[in-house]
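Structural description and commentary
Chain by chain, the residues:
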Amino acid sequence: MNRETTSSIVITGLRKSYERSPGSDAAYAIDGISFDVPKGQFVTLLGPSGCGKTTTLRCIAGLEHASEGRIEMGGEVVFDAQEKLHVKPEDRPIAMVPQSYGIWPHMRVVDNAAFPIRHGRNRRKGPEARQRALEMLEQVGLAGVADRWATQLSGGQQQRLALARALLGDPEVLLLDEPLSNLDAKLRAKLRQELRSFQEQFGVTSLYVTHDQAEALAMSDTVVVMNQGSIEQIDTPERLYDYPRSAFVADFIGSANLFPVRDASPGREGGVFAKTDIGPVLCARSAPGQEVKYHNGGFVCVRPEDVEVRPGSARAVPAENEFVGVVESSEFLGDRLELVVRSADVSITVFTRAGLGCRPGQEVVLRLDPTSTSYLAS
Ligand SMILES: Nc1ncnc2c1ncn2[C@@H]1O[C@H](COP(=O)(O)OP(=O)(O)OP(=O)(O)O)[C@@H](O)[C@H]1O
Ligand SMILES: [Mg+2]
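Conventions adopted
- Residues numbered from 1 in each chain as written.
- Chains lettered and ligands numbered in written order.
- Predicted model: local features only at pLDDT ≥ 70, side-chain atom pairs only at ≥ 80, totals over all residues.
- Heavy atoms only, no water.
- Helix = DSSP H or I, 4+ residues; strand = E, 2+ residues; numbered from the N terminus.
- Buried < 20%, exposed > 50% of the residue type's maximum accessible area, 1.4 Å probe, protein only.
- Contact = heavy atoms within 4.5 Å.
- Areas by Shrake-Rupley, 256 points an atom, 1.4 Å probe, with all protein chains shown as cover.
- Lys, Arg positive; Asp, Glu negative; His and termini not counted.
- Charge placed at Lys NZ, Arg CZ, Asp CG, Glu CD.
- Near = heavy atom within 4 Å.
- Polar contact = N/O pair within 3.5 Å; in protein donor to acceptor, adjacent residues only side chain to side chain.
- Nonpolar A, V, L, I, M, F, W, Y, C, P; charged D, E, K, R; others polar.
- Axes fitted to C-alpha atoms, helices over the stretch in contact; angles between N-to-C directions.
- Parallel < 35°, antiparallel > 145°, perpendicular 65-115°, else oblique.
- Left-handed = near helix turned anticlockwise from the far one by under 90°.
- Domains from an automatic or database assignment.
- Buried area = accessible area lost by both parts, 1.4 Å probe.
- Salt bridge = Lys/Arg side-chain N within 4 Å of Asp/Glu carboxyl O.
- Pairing = 2+ DSSP bridges.

We now examine the overall build of the chain. When its secondary structure is counted, the chain shows nine helices and 22 strands. Projected onto its principal axes, the C-alpha positions of the chain cover 85 × 50 × 45 Å. Each of the 378 residues in the chain was classed as buried or not, and the buried ones make up 45%. In the chain, the proportion of contacts linking residues at least 24 apart, taken out of those at least 6 apart, comes to 66%. Accessible surface, the chain: about 17,900 Å² in total, of which carbon and sulfur atoms supply 48%. Here the chain contributes 42 positive and 49 negative side-chain charges, whose respective centroids are spaced 4 Å apart.

Structure (structure tokens):
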């Protein structure tokens, strides 16, 4: 497939370092990353604080110069470090919604919204600009407050204004940097649905930045997981959760039990037989079409909801992939019971609905179904 014709943005080998402060040992803020944002899709950069998400977005917007790599938009090169090519931010077909919304307090709501029509790439003056701004404000539910000062809006209203303004610039790509992070949890959940439906309605390609895994899973077509300036995995939300490729991704997205592997060898049915501190584990879960590669090191990974638990004696001789243990703690969380079970000096987290009376001190048997248990090479 031709990347240029199917993608709005193509990033190749992007690397960026900032001036180092004395004593700092940070190498690169972003370290040679490559990914595509396909036309019309909602793609999210997800990763912990400081992993390079904002830097990536700012390089795409043209607000930062990368030291290496290339950025293409709509088939045109807008940045090439080698060729010393850098298209100015205002000449790139993008709109950016920064974390702080970037709304001008000295302007009324409607003038904030009309700004990109009056001053943007395809500028238009006069009543037409106001009319188009009003139509867009109507769509985001702000028509009633169009003539208020921007400072008189609530956080959620400011967020919608920032989005309306960005869309009025008629961008090919919308860049959104943690636009919901200043809002309370309820409003955040509501606005993330709204944001996604606006995106679909306008068909605008979007690159969204967040460190909130729930937000990323709920909203995205594709998630790019970043860690320390590099990309760990690019996948759909479902595949990231079901088939994480590294311990970092498994741990960052959802909860995971990760057991370091001392030695690995080929197991039955294309699986891996891994020696860990809880004992030998057969791991047979792998992404469809993907072969499990084994070597010494890596991790056995099993989600807490995939661990089966039943009462049993700690002195019993366990079957394959079964481990005896003692309940260390038990917490009732309404929709589930969260247990921590100690087995061979390892703590294992288990989510279960079973009303087994799993009290601390109870002896149990844990079973790791091989098809729910994966071997991660790193
Ligand atoms: N202007 C700057 N000068 C020097 N270092 C910087 C600058 N901006 C960012 N960095 C460093 O680059 C790295 C990546 O920063 P970036 O802002 O891209 O992270 P982020 O993933 O957006 O984090 P957060 O989730 O906290 O916003 C960090 O180590 C940060 O300290
Ligand atoms: Mg940031």
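All residues adjacent to ligand 1 are Tyr-18, Ala-29, Pro-48, Ser-49, Gly-50, Cys-51, Gly-52, Lys-53, Thr-54, Thr-55 and Glu-178. Measuring from an oxygen atom of ligand 1, one finds a backbone N or O atom of Cys-51 at 3.2 Å. At 3.0 Å, a backbone N or O of Gly-52 approaches an oxygen atom of ligand 1. For ligand 1, whose accessible area on its own is 640 Å², the fraction buried by protein is 58%. By residue class, the composition of the shell around ligand 1 is four nonpolar, five polar and two charged.

Before going further, it helps to examine the packing of helix 3 (residues 109-119) against helix 4 (residues 127-139). Two elements in contact, helix 3 and helix 4, have axes whose closest approach is 8 Å; the angle formed by their N-to-C orientations is 120°. Here helix 3 lies oblique to helix 4, going by the angle between them. The interaxial crossing formed by helix 3 with helix 4 has right-handed handedness. Every residue of helix 4 that contacts helix 3 at Val-109, Val-110, Ala-113, Ala-114, Ile-117 and Arg-118 is listed here: Ala-129, Arg-130, Arg-132, Ala-133, Leu-134 and Leu-137. Among the residues forming the contact of helix 3 with helix 4, the class breakdown is nine nonpolar, no polar and three charged.

Domain annotation for the chain reports domain 1 (3-242) and domain 2 (263-376). Contacts between the two partners involve four residues from domain 1, matched on the other side by five residues from domain 2. Together, the buried faces of domain 1 and domain 2 total about 370 Å²; carbon and sulfur atoms form 24% of this surface. If you sort the residues of domain 1 by the area they bury against domain 2, Arg-239, Tyr-241 and Asp-242 come out on top, with a joint share of 98%.

For the coordinates displayed, the defined rule picks out 26 salt bridges. Glu-68 is paired through a salt bridge with Arg-15; the nearest N and O atoms lie 3.3 Å apart. Of this pair, Glu-68 sits in strand 4 (residues 68-73) while Arg-15 sits in strand 1 (residues 7-16), placing them 53 residues apart in sequence. Note on Arg-15: relative accessible area 23%, which makes it partly exposed. A salt bridge links Glu-328 to Arg-342; the shortest N-O distance between them is 3.6 Å. Note that Glu-328 is positioned in strand 18 (residues 322-332) and Arg-342 in strand 19 (residues 337-343), a separation of 14 residues in sequence. A residue is classified by how much of its surface remains accessible, and Arg-342, at 31% relative accessible area, is partly exposed. One network of salt bridges, in which partners are shared, links Arg-15, Asp-31 and Glu-68.

Taken in spatial order, the three strands of this open sheet run 12-16-22, and their pairing is antiparallel. Two strands close off the open sheet at either side, each with one partner strand: strand 12 (257-260) and strand 22 (374-376). Between one strand and the next, the sheet's axes are offset by a mean angle of 30°, whatever the strand orientation. Here three bridges tie strand 16 (residues 299-302) to strand 22, and the two strands are oriented antiparallel to one another. Residue pairing in the sheet places Cys-301 in a bridge with Ser-374 of strand 22.

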